[in-house]
Number of protein chains: 2
Amino acid sequence: MDYQSYVPMLKAMADPNRLKIIDLLSCGTLCACDILTHFEFSQPTLSHHMKVLQQAGIVTAQKVGKWQHYTLKPEFVTAFLQDTKQLLANDADCICHDGGCSNCQDQAPRKDVITK
Amino acid sequence: MDYQSYVPMLKAMADPNRLKIIDLLSCGTLCACDILTHFEFSQPTLSHHMKVLQQAGIVTAQKVGKWQHYTLKPEFVTAFLQDTKQLLANDADCICHDGGCSNCQDQAPRKDVITK
DNA sequence: TAGACATATAGATAAATGTCTATCTGTTAG
DNA sequence: CTAACAGATAGACATTTATCTATATGTCTA
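Residues numbered from 1 in each chain as written. Chains lettered and ligands numbered in written order. Predicted model: local features only at pLDDT ≥ 70, side-chain atom pairs only at ≥ 80, totals over all residues. Heavy atoms only, no water.

Digging into the packing of aromatic side chains
Residue and element names in this part refer to chain B.
Logical step 1: One pass over the structure, following the stated rule, counts six aromatic pairs over all chains.
Logical step 2: When the ring of Tyr6 is compared with that of Phe80, the centres are 5.3 Å apart and the planes differ by 40°; the resulting orientation is tilted. On the criterion of sequence distance, the pair formed by Tyr6 in helix α1 (residues 3-13) and Phe80 in helix α5 (residues 74-88) is long-range, its members being 74 residues apart. Phe80 carries the same exposure label as Tyr6, and that label is buried.
Logical step 3: Between the aromatic rings of Phe76 and Phe80, the centroid separation amounts to 5.6 Å while the plane-to-plane angle is 35°, which identifies the pairing as tilted. Of this pair, Phe76 and Phe80 are both found in helix α5, four residues apart, which corresponds to roughly one turn of the helix.
Logical step 4: Under the relative-accessibility criterion, Phe76 is labelled buried at 1%. (Phe/Tyr/Trp six-rings, centres within 6.5 Å; stacked < 30°, edge-to-face > 60°. Helix = DSSP H or I, 4+ residues; strand = E, 2+ residues; numbered from the N terminus. Buried < 20%, exposed > 50% of the residue type's maximum accessible area, 1.4 Å probe, protein only.)

As structure tokens, then:
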């Protein structure tokens, strides 16, 4: 699979505060000052987190007057879900097509629990 | 949503080498030495990564003779996918039920792109 | 039982990261 | 034009983390 875009997304999401920001934005666009009211940290820290989220391709920013409006990118939502399914599914594109464990009696492949 | 188990999973996945290990295990059980052949880093480094993956609830280990057999936890696969969908869906459980951006002309909620 | 093999642990180190304070830029209102 | 406000940038600092080497533990085999 293509880790090139998935890993930066995971890195950006792997912070509880940024995950909460994504959760907030999952309902719609918010400006920085509105996001900030949900946290204890400082304004520069929020600015840093928003930059990380933008660079990971998770969020877009649009300046409207004094305010920065942040929006969850629909491409991120679809790409992240698709990459996750591809990673966790035991499918044909799997990296380990060359064989299972050399020391396992049970060579049966993993049962796929993903419902598509 | 419940970040308590989701964040550690994301943290553990947000390393390209560990993500590749998950990808390898998505097809079935592998022992440590087999996993190691896919990487350039040292054996203690692999041991460290496997510990991280276990502590995040992603992988289980079973000692069989000299070998450690590592398996992707089915509970992880289902929980991670479910948490991801819940995070990215604009649903009723959303954290931001209390309203949208105070400075947006467009107060329309985000269009949900997730197909369930 | 001794040695080879698989893996884990200990400890060190360099790099990345989340946070802060101070300050700067840009925009609006009076 | 000036002051207030929203947000970004710079730089410092403490913590976390990915990696290494060296060594310990556990298991099998000859």
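Overview of the nonpolar core
Logical step 1: Ranked by internal contacts, the top residues of the largest apolar core, which has 62 residues, are A:Ile58, A:Phe80, B:Ile58 and B:Phe80.
Logical step 2: Non-local contacts of A:Phe80, meaning those with residues more than four positions away in its chain, are made with A:Tyr6, A:Met9, A:Leu10, A:Met13, B:Tyr6, B:Leu10, B:Phe80, B:Thr84 and B:Leu88. (Core = buried A, V, L, I, M, F, W, Y, C linked by side-chain atoms within 4.5 Å. Contact = heavy atoms within 4.5 Å.)

Overview of the protein's contact with DNA strand C
Logical step 1: By nearness alone, 22 residues border DNA strand C, and A:Thr45, A:His49, B:Cys33, B:Gln43 and B:Tyr70 come closest of all.
Logical step 2: Here the atoms of DNA strand C within 4 Å of the protein split so that 66% fall in sugar or phosphate, with bases taking the remainder.
Logical step 3: In the environment of DNA strand C, a phosphate oxygen lies 2.9 Å from a nitrogen or oxygen atom belonging to the side chain of A:Asn17.
Logical step 4: Only α2 (16-25) and α4 (43-55) of chain A together with α3 (32-36), α4 (43-55) and β3 (67-72) of chain B provide two or more residues apiece to the surface near DNA strand C.
Logical step 5: Among the residues forming the surface near DNA strand C, the class breakdown is eight nonpolar, nine polar and five charged. (Near = heavy atom within 4 Å. Polar contact = N/O pair within 3.5 Å; in protein donor to acceptor, adjacent residues only side chain to side chain. Nonpolar A, V, L, I, M, F, W, Y, C, P; charged D, E, K, R; others polar.)

Quick notes on the protein's contact with DNA strand D
Logical step 1: Residues in contact with DNA strand D amount to 23 residues; listed here are only the nearest, A:Gln43, A:Ser47, A:Tyr70, B:Thr45 and B:His49.
Logical step 2: Restricting attention to atoms of DNA strand D within 4 Å of the protein, one finds that 69% of them are sugar or phosphate atoms.
Logical step 3: A:Ser47 places a polar side-chain atom, nitrogen or oxygen, 2.7 Å from a phosphate oxygen of DNA strand D.
Logical step 4: With respect to DNA strand D, the side chain of B:Asn17 contributes an N or O atom lying 2.9 Å from a phosphate oxygen.

With respect to the packing of helix α1 (residues 3-13) of chain A against helix α5 (residues 74-88) of chain A
When two helices pack together, their arrangement is captured by the angle between the axes and the distance separating the axes.
All names here are of chain A.
Logical step 1: Where α1 contacts α5, the axes come no closer than 10 Å and their chain directions differ by 105°. It follows that α1 is roughly perpendicular to α5 by the angle criterion. Across from Ser5, Tyr6, Met9, Leu10 and Met13 in α1, the residues of α5 making contact are Phe76, Ala79, Phe80, Asp83, Thr84 and Leu87.
Logical step 2: Within the contact of α1 with α5, the residues separate by chemical class into eight nonpolar, two polar and one charged. (Axes fitted to C-alpha atoms, helices over the stretch in contact; angles between N-to-C directions. Parallel < 35°, antiparallel > 145°, perpendicular 65-115°, else oblique.)

Points about the sheet that holds strand β1 (residues 30-31) of chain B
All names here are of chain B.
Logical step 1: Taken together, three strands build an open sheet; the order of strands is β1-β3-β2 and the sheet is antiparallel. Either end of the sheet is taken by a strand with one partner, and the two such strands are β1 and β2 (59-64).
Logical step 2: Sheet topology places β1 next to β3; two bridges connect them, and they run antiparallel. By the bridge assignment for β3, Cys31 is matched with His69. (Pairing = 2+ DSSP bridges.)

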